[in-house]
Amino acid sequence: MSSPGRKVIISCAVTGATHVPTMSEYLPLTPAQIRDQAIEAAEAGAAIIHLHARDPADGRPTPSPDVFRQFVPAIAEATDAVINITTGGSTRMTLAERLAYPLQAAPEMCSLNMGSMNFSIHPLAAKVSSWRYDWEKDYVEGMEDMIFRNTFKDIRHILLTLGGQGTRFEFECYDLGHLYNLAHFVDQGLVKPPFFIQSVFGILGGMGADPENMTLMRTTADRLFGRENYQFSVLGAGRHQMPLVTMSAILGGNVRVGLEDSVYIARGVKAESNAQQVRKIRRILEELSFEIATPAEARAMLGLKGRDKVSL
Ligand code: KMH
Ligand code: ZN
């Protein structure tokens, strides 16, 4: 439970590439919307801001460095939060496209998916009768046949290139096997502690949101890495978000919220902003006597290189 001195890191994933504009009018799409929601989330208590870019014209995911540069420097200017850039991008992007901005920016942190999978929300398409933009229907339905790819070679490439620039990683583990994939790279000497392990629950194609799975991930990570060598964190998709991330804190871990992972704030109620989710999990954690990590404390816990060594 809450042990004295232990701080909980709140990450906020502001927009992602999973949800499409039709799914929530509050999903930030333009650079200005992403910037404003990210800043508000940081002010609400998120120590880490995880970012994807979207095409300002129609909200489709884009890897364009020009678009990233329309909001990332402004977020860094306005907040002390750790900037975490996706390397997953979307299933439609090549590895080179996904890495274009991270390699230029050399951020303190990037996400890194620890395997390949058929990450999909295609069943949601059947619930939509009218789409806001013409690309969305094919995008969501097409996930049924898309691989969200990170082969061992891709992961090694990311570790050597981005990791070589001092960027550290949010290791996204969607299944038990992904912990073993991380252990493989530890054995190879390509990653060093402290590891930031983001366990992902409730995505179709990955492990389900049953609480028992979290204890399995936690105890397996303890065995593979040693608890002193890693920070555990959890994100839960959709309605699983708040209960599962709360359980992570109870298991000694950290939390991730944000509209990338869920567009809801309560059953059937859309979140009106990312900050609203940050404020909610903060309230829950503080009621349970957990203390929230500042960006400086998160940097120390995760061994990050510091804001002065990035070129956003
Ligand atoms: N969409 C999340 C479940 C990434 O950006 O590289 C995982 C994620 C992956 O954030
Ligand atoms: Zn992401």
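Worth saying up front: this structure is predicted, and the values here are computed from it rather than measured. Going along each chain's sequence as written, the residues are numbered from 1 onward. Starting at A for chains and at 1 for ligands, labels are handed out in the order in which the entities are written. Owing to the predicted nature of the model, reporting of local features is limited to residues with pLDDT of at least 70; listing and counting of side-chain atom pairs is limited to 80 or more, with chain, interface and lining totals taken over all residues. Values shown for side chains rest on all heavy atoms present in the structure; no hydrogens or waters enter the calculation.

Enquirer: Can you walk me through empty space enclosed by the protein in this structure?
Expert: Space left empty within the atom packing is revealed by a probe, the size of a water molecule, rolled over the atoms. Using only the protein atoms, space was sampled on a 1 Å grid; points where a 1.4 Å probe fits but cannot get out form cavities, open sets with protein on both sides within 12 Å along at least five of seven lines form pockets, and lining residues are those with an atom within 4 Å of a point. Grid points are joined across faces, edges and corners, and a volume is the space filled by probe spheres set on the points. With the rule as written, the count across this model stands at 3 cavities of 30 Å³ or more. Taken as a whole, the largest cavity encloses approximately 260 Å³ of empty space. If you trace the largest cavity, you find 23 residues lining it, with Thr-18, Phe-119, Phe-148, Tyr-174 and Glu-260 closest to the centre. Gly falls in the polar group here, along with every residue not listed as nonpolar (Ala, Val, Leu, Ile, Met, Phe, Trp, Tyr, Cys, Pro) or charged (Asp, Glu, Lys, Arg). Tallied by class, residues from the lining of the largest cavity come to 9 nonpolar, 10 polar and 4 charged. If you go around the second largest cavity, the residues you meet are His-52, Ala-53, Thr-62, Pro-63, Phe-68, Thr-86, Gly-89, Met-93 and Arg-98.

Enquirer: Help me understand the nonpolar core, please; the structure alone is not making it clear to me.
Expert: Across soluble globular proteins, nonpolar side chains show a tendency to be buried alongside one another. Counting 69 residues, the largest nonpolar core has Ile-49, Leu-51, Phe-71, Val-72, Phe-171, Ile-197 and Phe-225 as the members making the most contacts within it. Elements are defined by DSSP. Helices are runs of H or I of four residues or more, strands are runs of E of two residues or more, and each kind is numbered from the N terminus. A per-element tally of this core places helix H1 (residues 31-44) first, with 6 residues. Nonpolar cores were defined as sets of buried Ala, Val, Leu, Ile, Met, Phe, Trp, Tyr and Cys residues, with membership established by side-chain atoms within 4.5 Å. The cut-offs for exposure are 20% and 50% of the maximum accessible area for each residue type, with area from a 1.4 Å probe on protein chains only; residues under the lower value are buried, those over the upper are exposed, and the others partly exposed.

Enquirer: What is the right way to read the site of ligand 1 from this model?
Expert: Nearness of a residue to a molecule or strand requires only that one of the residue's heavy atoms be within 4 Å of it. Taken together, 14 residues lie near ligand 1, and His-52, Thr-86, Ser-111, Arg-256 and Glu-260 sit nearest. For the purposes of these results, a polar contact is taken to be a pair of N or O atoms within 3.5 Å, where, inside protein, one atom must be able to donate a hydrogen and its partner to accept one; residues adjacent in sequence count only when each atom of the pair is a side-chain atom. The side chain of Asn-113 places a nitrogen or oxygen atom 3.1 Å from an oxygen atom of ligand 1. Within the contact set of ligand 1, an oxygen atom lies 3.0 Å away from a side-chain nitrogen or oxygen of Arg-256. Per-residue and other accessible areas were derived by the Shrake-Rupley procedure at a 1.4 Å probe size, with only the shown protein chains allowed to occlude residues. Across the complex, the protein chains shield 98% of the 310 Å² of accessible surface that ligand 1 would expose by itself. Those molecules having more than half of their atoms within 2 Å of a cavity or pocket grid point set are described as sitting in that cavity or pocket. If you map ligand 1 onto the pockets, it falls in the largest cavity. Looking at side-chain class alone, the shell around ligand 1 contains 4 nonpolar, 7 polar and 3 charged residues.

Enquirer: Explanation requested: the pattern of salt bridges in the structure shown.
Expert: Proximity of charged atoms lets side chains of opposite charge pair with each other. Should a side-chain nitrogen of Lys or Arg be within 4 Å of a carboxyl oxygen of Asp or Glu, the pair is scored as a salt bridge. In total, this model carries 18 salt bridges according to the counting rule given. In this structure, Arg-299 engages Glu-108 in a salt bridge whose closest nitrogen and oxygen atoms are separated by 2.8 Å. Of this pair, Arg-299 sits in helix H11 (residues 295-302) while Glu-108 sits in the loop between helix H4 (95-105) and strand S7 (109-113); the two residues are 191 residues apart in sequence, bridging distant segments of the chain. For the pair formed by Arg-299 and Glu-108, the shared burial category is buried. Here Asp-222 ties to Arg-218 by a salt bridge, and the two come within 3.9 Å at their closest N and O atoms. With a gap of 4 residues between them, Asp-222 and Arg-218 both fall in helix H8 (residues 211-225), about one helical turn apart.

Enquirer: I keep staring at the coordination of the zinc ion (ligand 2) and nothing clicks. Help me out?
Expert: When a metal carries six donors in an octahedron, the ideal angles between them are 90 or 180 degrees, while four donors in a tetrahedron ideally lie at 109.5 degrees. The donor set comprises N, O and S atoms within 2.8 Å of the metal, extended to 3.2 Å for Na, K and Ca; water molecules are omitted, so apparent gaps in a site may simply reflect that omission. Here the zinc ion (ligand 2) is held by His-50 (NE2), His-52 (NE2), Glu-260 (OE) and Glu-260 (OE), and the distances to it run 2.1 to 2.8 Å. Angular criteria define each label, namely tetrahedral for four donors with all angles between 85 and 135 degrees, square planar for four and octahedral for six donors with opposite donors over 155 degrees apart and remaining angles between 65 and 115, and irregular for whatever fails these tests. Classification of the site at the zinc ion (ligand 2) as irregular follows from its 6 donor atoms and the range of 50 to 170° in their angles at the metal. For the zinc ion (ligand 2), the donor residues sit on a single chain with the sequence spacing H-x1-H-x207-E. Taken together, the residues His-52 in the loop between strand S3 (48-51) and strand S4 (53-54) and Glu-260 in the loop between strand S11 (254-257) and strand S12 (264-266) connect sequence positions 208 residues apart.

Enquirer: I tried to follow the side chain of Thr-246 on my own but got confused; where do I start?
Expert: Within the secondary structure, Thr-246 sits in helix H9 (residues 241-250). Classification of Thr-246 as buried rests on a relative accessible area of 12%. Contacts are assigned to residue pairs with any non-hydrogen atoms lying within 4.5 Å of each other. When near neighbours in sequence (up to four residues on either side) are disregarded, Thr-246 contacts Ile-281, Ile-284 and Leu-288.

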